[in-house]
Amino acid sequence: MTRPTLEEYFLGICDSVSKRGTCDRKLVGAVIVRDKMILSTGYNGSPRGMPHCSDVGCEIEGDHCIRTTHAEANALIQAARHGIKIDKAELFCTMVPCYSCAKLLVNAGICKVTAKEDYHASEKTKKLFKSVFIPLKICKS
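Below or above, wherever it landed, is the structure these notes cover. Note that the structure is predicted; figures quoted are calculated from it, not measured.

A short note on helix 4 (residues 99–108)
Within the sequence span of helix 4, burial applies to C101, A102 and L105. Mapping the buried residues of helix 4 onto a view down its axis gives an arc of 105°, with all of them on the same face. Residues of helix 4 that are buried sit in contact with helix 3 (71–81), strand 5 (90–95) and helix 5 (123–131).

Here's what the structure looks like:
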């Protein structure tokens, strides 16, 4: 048995976190890490107290489900709710964040993003990260 790299370890945790997601269209997990320690996690799901896609179906607008909050945003929100500083932390996620989440990550001070796979509409995200010098690593396209 070989020991996983830290990248493999955190991406594996993203996979586990994603299993808590409640939108069947895509299960996504995110983990915020600094100094090899997990600060926060998030998965895609409805706002607290609201019905989940898995219970009442998706709410589709423009080919996207808008019922859920994305995993990356939920990881940021969880850190904020618990007073956890995430400036200069890294984000590991199962897929490249959407443009809206990317803007939140930039404003939160995330300094690096590692994604397990690409997102079909990630060009704006990639341009944004490049323009603000946030390295983006995609493990498989």
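A short note on the state of the cysteines
Per the counting criterion, the structure on display carries zero disulfides. Of all cysteine sulfurs, the one in C93 lies closest to C14, which takes part in no disulfide; the gap is 6.4 Å.

Brief notes about the packing of aromatic side chains
Applying the stated rule across the entire model yields two aromatic pairs. An angle of 40° between the planes, with centres 5.1 Å apart, marks the rings of F10 and F92 as tilted. Here F92 lies in strand 5 and F10 lies in helix 1 (residues 6–18), a separation of 82 residues in the sequence. A single burial state applies to F10 and to F92, both of which are buried. An aromatic cluster of three or more residues is present, and its members are Y9, F10 and F92.

Looking at the pattern of salt bridges
Enumeration over the complete set of coordinates arrives at eight salt bridges. Of the charged contacts in the structure, one is a salt bridge between R25 and D63, with a shortest N-O distance of 3.9 Å. In this pair, R25 sits in the loop between helix 1 and strand 1 (29–34) while D63 sits in the loop between strand 3 (60–61) and strand 4 (64–65), placing the two residues 38 residues apart along the sequence. Judged by its relative accessible area of 45%, R25 is partly exposed.

Overview of the side chain of E72
Of note, E72 is situated in helix 3. As a buried residue without a salt bridge, E72 has its nearest oppositely charged side chain in K26, at a separation of 11 Å. Setting aside anything within four residues of it in sequence, one finds E72 in contact with V28, A30, L91, C93, M95, P97, C101 and L105.

Regarding unusual backbone geometry
The phi torsion at D35 lies on the positive side, around 50°, for a residue other than glycine. Along the polypeptide, D35 turns up in the loop between strand 1 and strand 2 (37–43). Of note, the phi angle at K88 is positive, near 70°, even though the residue is not glycine. Here K88 shows up in the loop between helix 3 and strand 5.

Section: the nonpolar core
Soluble, globular proteins show a tendency: their nonpolar side chains are buried together. The biggest cluster of nonpolar side chains holds 26 residues, and the ones touching the most others in it are I32, I86, L91, I110 and V113. Where this core is concerned, the elements lending two or more residues are strand 1, helix 3, strand 5, helix 4, strand 6 (112–117) and helix 5. With five residues, the top contributor of residues to this core is helix 3. In this structure, L91 is in contact with A30, V31, I32, E72, P97, L105, I110, K112, V113 and T114, ignoring residues within four places of it in sequence. Ranked by size, the runner-up nonpolar core spans eight residues in total, among them L11, V17, V31 and V33.

Reading the values: rules and limits
Residues numbered from 1 in each chain as written. Predicted model: local features only at pLDDT ≥ 70, side-chain atom pairs only at ≥ 80, totals over all residues. Heavy atoms only, no water. Buried < 20%, exposed > 50% of the residue type's maximum accessible area, 1.4 Å probe, protein only. Helix = DSSP H or I, 4+ residues; strand = E, 2+ residues; numbered from the N terminus. Arc of directions from axis to C-beta. Contact = heavy atoms within 4.5 Å. Disulfide = S-S within 2.5 Å. Phe/Tyr/Trp six-rings, centres within 6.5 Å; stacked < 30°, edge-to-face > 60°. Salt bridge = Lys/Arg side-chain N within 4 Å of Asp/Glu carboxyl O. Lys, Arg positive; Asp, Glu negative; His and termini not counted. Core = buried A, V, L, I, M, F, W, Y, C linked by side-chain atoms within 4.5 Å.

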